[in-house]
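Structural overview for review
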Amino acid sequence: MALVSGPGRGGMSDMPVEMRLFVDKHVRYIQSLDTRKDELEYWLTEHLRLNGLYWGLTALHLLGHPDALPRDEVLEFVLSCLHDNGGFGAAPGHDAHMLYTVSGVQILATLDAFDELDRRVPGGRQKIGQFIAGLQDPETGTFAGDEWGERDTRFLYGALNALSLMKLLHLVNVDKAVEHIQSCANFDGGYGTSPGAESHSGQIFTCVSALTIAGRLDLVDHDKLGAWLSERQLKNGGLNGRPEKKEDVCYSWWVMSSLANLKRLHWIDGRKLTEFILQCQDPELGGLADRPGDMVDVFHTVFGIAGLSLLKYPGLAEVDPTYCMPREVTRRCLGK
Amino acid sequence: MASHGVSRAAATTVRSEEARQKELQQIDTYKDLVNQVNAKIVERQYTIEVLSLITKLLNENPEYYTIWNHRRRVLITLLALDPVDRGDRASPEELIENDLQLTFSLLRKFPKCYWIWNHRDWILQKGESTLEADTTRRLWSGELQLVNKMLHADSRNFHAWSYRRFVVAQLDRIQSGSIADAEAPKSMIELEFEYTTKMIKINLSNFSAWHNRSRLIPRLLDERKADHNARRQLFDNELELICTAINTDPFDQSIWYYHQYLMSTLAPDCPEQSKIVPNLTTEDRTKYYAHEMEYIQEILEDEADCKWIYESLLHVAQCFLVIDAGTDLFTTSDMRNWLENLQRLDPLRKGRWEEVGASLGK
């Protein structure tokens, strides 16, 4: 489904304006994110800092600028979020939680820094693995986010994601986790946040990805779920998350990654979706928004760019649909 | 950091120096409050005064999950105080009511914030282990009012729907735990089923309500101890309801998904616990499929450009072929015709239709 073929491929300057990705602007936008300390929003979003760093770093890798953030500073910051119990908080002083632990591990993987972790924090990888494993509910197989007990398929996926990157999947009961995912399945082939909950593309991403990591995609009705996912595309090319909802760039990722894992990416119109994602760019200051004309943020920036990578937009690095990380990185960590 | 629906034009106007100074001041005040709270927690000052500071901070930033954890640390201490040590300070009931109010007012402003929903769940569970059974029951019943309000504001909020199912499960649990009562109130499942009917009547397009209905039906039938005929009656009623809905707006996806759900329960390979009418014969199934195809084709006469009709015809036809490959109700050429219409009306999913075409063979 390459958008441009033949001679001139990769030369984005010959692309028609509506098909242009403003790579340099996006790189500068991401670099600028940590310089906005004179904005209240910067402080109000501290609880997302480590996620934000993962989003930004991943986007930069996909854009072909892996060194645009200083590696030492990134590593230093990630380690400053690590607690003694092996969990990561969103920023120094924030409590440990699965959501940030996964981002922490993903960043370390992307920086190829697991060995450095173990050097600086003896037994670091093992500690992180234990923290995650301790959050599995032995009865149902699902995972809590932290000691306070909120449960959700997001945390289950996060656990399998991080553990597999560290080669520590054996610390948890994967079969039991798979059983739990099965209990969240609906008649339409999709999955919700917990048993009984409505199918939702975000949750489908977590469940299909978790099943991919567990090697149990055979449990998914590929045609039925593929059909449901393909119906997320709206006339304007964008994708929504559930029936009769509005389009949003982040669903480019949640929906497409699942379609990619199910080998059904060609069931939607890639060209129209590409155009939609590109319309969500801020052509002056960089970054992508949920919809054209809206305010950008790093969350929509990475999921928009990762979506474009799945669509084989020229010049972008390949993304792994299961992990939302550069394929090169997951190949190194997983050995496959 | 993840903003939805905020216009860029409104957000990128250049700040005046005055506005910048004002924002810097706001930052100082905010950081001051954060530092104060964190310092007191490090010192383990789990007092009512610190709880008020935490309230103030959460009102400014309900996404700050660590502060919710701090709140719980303080509450655990305060709830466990011996009445003698407590003196005239807040009682457990007041503390719990207070947090229910706080989370309610925050949810009205931030209906999709996971942490607020999560705290509300925690405080109620805490209440259950601290308060009298009657008070607990009153609190849980009050939760349905809250969910009603939340779903009135946004009838698709999946947090609210999940919370609704959770509250119903708690009420059910409390109910079954209490001594059997001759005048037991109407069962929760019946009431919930009625609620989905009400929500669907307000807006046919509310798939969240249709979904919940699909999850309630098997439980409703079990609870009613419905026999074969009663089950069939319910299935027929549902079909009639959805067929009227299809006739009202055949362009709405939600409705077709519910129709697809009903059809899926007819399939021989449908899991036993999801079947509405077990023990259907092939003849029963044939009748249902034939009736549906006939009805949908009637709608086609007025809506030849509605892709959902063709999609549904193809789907029902495929179900039909599973039970009767030799049916003469439709031919492969009918199926090809429906598919061609899909290709004409729905070019976005061209790749999918090509594969469906290949599966129909030559």
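Residues numbered from 1 in each chain as written. Chains lettered and ligands numbered in written order. Predicted model: local features only at pLDDT ≥ 70, side-chain atom pairs only at ≥ 80, totals over all residues. Heavy atoms only, no water.

Another aspect to go through is the overall build of chain A. Along the backbone of chain A there are 15 helices and four strands. Burial statistics for chain A: of 336 residues in total, 65% are counted as buried. When the accessible surface of chain A is summed, it comes to about 11,900 Å², and 51% of that surface belongs to carbon and sulfur atoms. Computed over 33 positive and 45 negative side-chain charges, the inter-centroid distance for chain A is 5 Å. (Helix = DSSP H or I, 4+ residues; strand = E, 2+ residues; numbered from the N terminus. Buried < 20%, exposed > 50% of the residue type's maximum accessible area, 1.4 Å probe, protein only. Areas by Shrake-Rupley, 256 points an atom, 1.4 Å probe, with all protein chains shown as cover. Lys, Arg positive; Asp, Glu negative; His and termini not counted. Charge placed at Lys NZ, Arg CZ, Asp CG, Glu CD.)

With that out of the way, let us pick up the overall build of chain B. The secondary structure content of chain B amounts to 17 helices and zero strands. For chain B, whose C-alpha radius of gyration is 28 Å, the value lies well above the compact-globule estimate of 21 Å for 362 residues. With the principal axes as the frame, chain B shows a C-alpha extent of 80 × 65 × 30 Å. Out of the 362 residues belonging to chain B, those deemed buried represent 48%. In chain B, the proportion of contacts linking residues at least 24 apart, taken out of those at least 6 apart, comes to 63%. For chain B, the accessible surface area stands at approximately 18,100 Å², while carbon and sulfur atoms represent 50% of it. Each charge class in chain B can be summarised by its mean position, and for the 45 positive and 55 negative side chains these summaries are 6 Å apart. (Rg over C-alpha atoms; globule rule 2.2 N^0.38 Å. Contact = heavy atoms within 4.5 Å.)

So, about helix 12 (residues 228–248) of chain B. Residue and element names in this part refer to chain B. In this model helix 12 runs 30 Å from its N-terminal to its C-terminal C-alpha over 21 residues, within 8% of the 30 Å that 1.5 Å per residue would give. Looking at helix 12, one finds that the buried residues are Arg-231, Leu-234, Phe-235, Glu-238, Leu-239, Ile-242, Cys-243, Ala-245 and Ile-246. In this structure, the buried side of helix 12 is in contact with helix 10 (188–202), helix 11 (207–224), helix 13 (253–264) and helix 14 (282–300). (Expected span 1.5 Å × (residues − 1).)

Turning next to the interface of chain A and chain B. On the side of chain B, 58 residues touch chain A, which itself brings 70 residues to the contact. Between chain A and chain B, roughly 5,500 Å² of surface is buried when both sides are summed, and carbon and sulfur atoms account for 53% of that area. When the area that chain A buries against chain B is broken down by residue, the three leading residues are Trp148(A), Phe187(A) and Glu231(A), summing to 15%. On inspection of chain A and its partner chain B, the count reaches nine salt bridges. For Arg352(B), the salt bridge is made with Glu231(A), and the minimal N-O distance between the two is 3.0 Å. At the boundary of chain A and chain B, one finds 34 residue pairs in polar contact (both at pLDDT 80 or more). The set of elements that each furnish at least two residues to the side of chain A that touches chain B consists of helix 2 (40–44), helix 3 (49–62), helix 5 (98–110), helix 11 (222–230), strand 2 (296–297) and helix 14 (298–310) of chain A. When residues of the side of chain A that touches chain B are assigned to their parent elements, the largest contribution, four residues, is made by helix 2 of chain A. Here the side of chain A that touches chain B is built from residues that sort into 26 nonpolar, 17 polar and 27 charged. (Buried area = accessible area lost by both parts, 1.4 Å probe. Salt bridge = Lys/Arg side-chain N within 4 Å of Asp/Glu carboxyl O. Polar contact = N/O pair within 3.5 Å; in protein donor to acceptor, adjacent residues only side chain to side chain. Nonpolar A, V, L, I, M, F, W, Y, C, P; charged D, E, K, R; others polar.)

Taken over all residues, the pLDDT of chain A has a mean of 95, while the share at 70 or more is 96%. Low pLDDT, under 50, characterises residues 1–11 of chain A; the predicted model gives this stretch 17 contacts beyond four residues in sequence or across chains. (pLDDT = per-residue confidence, 0-100.)

Scanning the entire structure with this criterion turns up 45 salt bridges over all chains. Among the ionic contacts, a cluster of salt bridges with common partners joins Glu231(A), Lys307(B), Glu311(B), Asp346(B), Arg349(B) and Arg352(B).

For the rest of this paragraph, the subject is the packing of helix 10 (residues 201–214) of chain A against helix 12 (residues 250–261) of chain A. Residues and elements named next belong to chain A. Packing of helix 10 against helix 12 leaves a shortest axis separation of 9 Å and a crossing angle of 35°. Helix-helix and strand crossings are classified by hand; for helix 10 and helix 12 the assignment is left-handed. Between helix 10, through Ser-201, Gly-202, Ile-204, Phe-205, Val-208, Ser-209 and Thr-212, and helix 12, the contact on the second element is made entirely by Tyr-251, Trp-253, Trp-254, Val-255, Ser-257, Ser-258 and Asn-261. Of the residues contributing to the contact of helix 10 with helix 12, the split by class is seven nonpolar, seven polar and no charged. (Axes fitted to C-alpha atoms, helices over the stretch in contact; angles between N-to-C directions. Left-handed = near helix turned anticlockwise from the far one by under 90°.)

Here we come to the environment of Thr103(B). Residue and element names in this part refer to chain B. Within the secondary structure layout, Thr-103 lies in helix 6 (residues 92–109). Filtering out sequence-adjacent residues up to four positions away, Thr-103 remains in contact with Trp-68, Ile-116, His-119 and Arg-120. Engagement of the side chain of Thr-103 in a polar contact is seen with the backbone oxygen of Leu-100, the distance being 3.1 Å.

Quick look at the confidence of the model for chain B now. Residues at a pLDDT of 70 or more form 96% of chain B, whose mean pLDDT is 92. Predicted as a complex, the structure gets a pTM of 0.94 and an ipTM equal to 0.94.

Moving on to the environment of Arg8(B). Topologically, Arg8(B) is positioned in helix 1 (residues 8–11). Looking at Arg8(B), the relative accessible area reads 16%, which means it is buried. Each C-alpha atom, one on Arg8(B) and one on Asn337(B), is 46 Å from the other, the two residues being 329 residues apart in sequence. With residues up to four places along the chain from it excluded, the contact list for Arg8(B) reads Cys280(A), Gln281(A), Asp282(A), Pro283(A), Gly293(A), Asp294(A), Met295(A) and Val296(A). Of the polar contacts made by the side chain of Arg8(B), one reaches the backbone oxygen of Asp294(A); its length is 3.2 Å.

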